[in-house]
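Here is how the chains run, residue by residue.
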Amino acid sequence: MSRWIPVALISECPEGECIERIVEGRVIALAHTLNGWYAIDGVCAHQGGPLGNGTLCQTLLTCPWHGWQFDVATGQNRLSSAVRQQVWEVRQDDEQVYVDFGEYPEG
Ligand code: FES
């Protein structure tokens, strides 16, 4: 089941940039690419760096701490097939960006 949560105004994240958002206790990196929006776990799998403050080049996001790179469309680490960040679906309306966090957690 979808559960769309507003995470940002479109104007807060111009095309080609990435921003960090904390939503329901999750840190996400919201990326605005030429091909659209992507949301990826914002805590880097290496040592917890802030991916939302990273550098975006098309769909390749580079962590600002030590340079690990992830495809924001899939969450896949560029060098290791064993490392993948969680991703969520994103949509927008006229001014707002939404992320689908799915079902509420149990409990
Ligand atoms: S914490 Fe992201 S590359 Fe090290």
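As a starting point, this report considers the structure included with it. (Residues numbered from 1 in each chain as written. Predicted model: local features only at pLDDT ≥ 70, side-chain atom pairs only at ≥ 80, totals over all residues. Heavy atoms only, no water.)

**Things to note about the overall build of the chain**
Link 1 in the chain: Counting its regular elements, the chain contains zero helices and nine strands.
Link 2 in the chain: The N-to-C order of helical and strand elements in the chain reads β-β-β-β-β-β-β-β-β.
Link 3 in the chain: Relative to the globule expectation of 13 Å for 107 residues, the C-alpha radius of gyration of the chain, 13 Å, shows essentially globular dimensions.
Link 4 in the chain: Its C-alpha atoms give the chain principal-axis dimensions of roughly 35 × 35 × 20 Å. (Helix = DSSP H or I, 4+ residues; strand = E, 2+ residues; numbered from the N terminus. Rg over C-alpha atoms; globule rule 2.2 N^0.38 Å.)

**As for the sheet that holds strand E8 (residues 87-92)**
Link 1 in the chain: Strand order in this open sheet of six strands is E1-E9-E8-E4-E3-E2, and the pairing throughout is antiparallel. Two strands lie at the open edges of the sheet, namely strand E1 (4-9) and strand E2 (17-23), each paired on one side alone. Direction aside, neighbouring strands of the sheet carry axes that sit 30 degrees apart on average.
Link 2 in the chain: Across two bridges, the pairing between strand E4 (residues 36-41) and E8 is antiparallel. Residue pairing for E8: Ile40 is matched across the bridge by Val87. (Pairing = 2+ DSSP bridges. Axes fitted to C-alpha atoms, helices over the stretch in contact; angles between N-to-C directions.)

**A word on the environment of Arg3**
Link 1 in the chain: Note on placement: Arg3 falls in the segment before E1.
Link 2 in the chain: Relative accessible area serves as the criterion here: at 7%, Arg3 is assigned to the buried category.
Link 3 in the chain: Distance in space between the C-alpha atoms of Arg3 and Phe101 is 5.6 Å, their sequence separation being 98 residues. (Buried < 20%, exposed > 50% of the residue type's maximum accessible area, 1.4 Å probe, protein only.)

Purely geometric stuff here, so don't read any function into it on its own.
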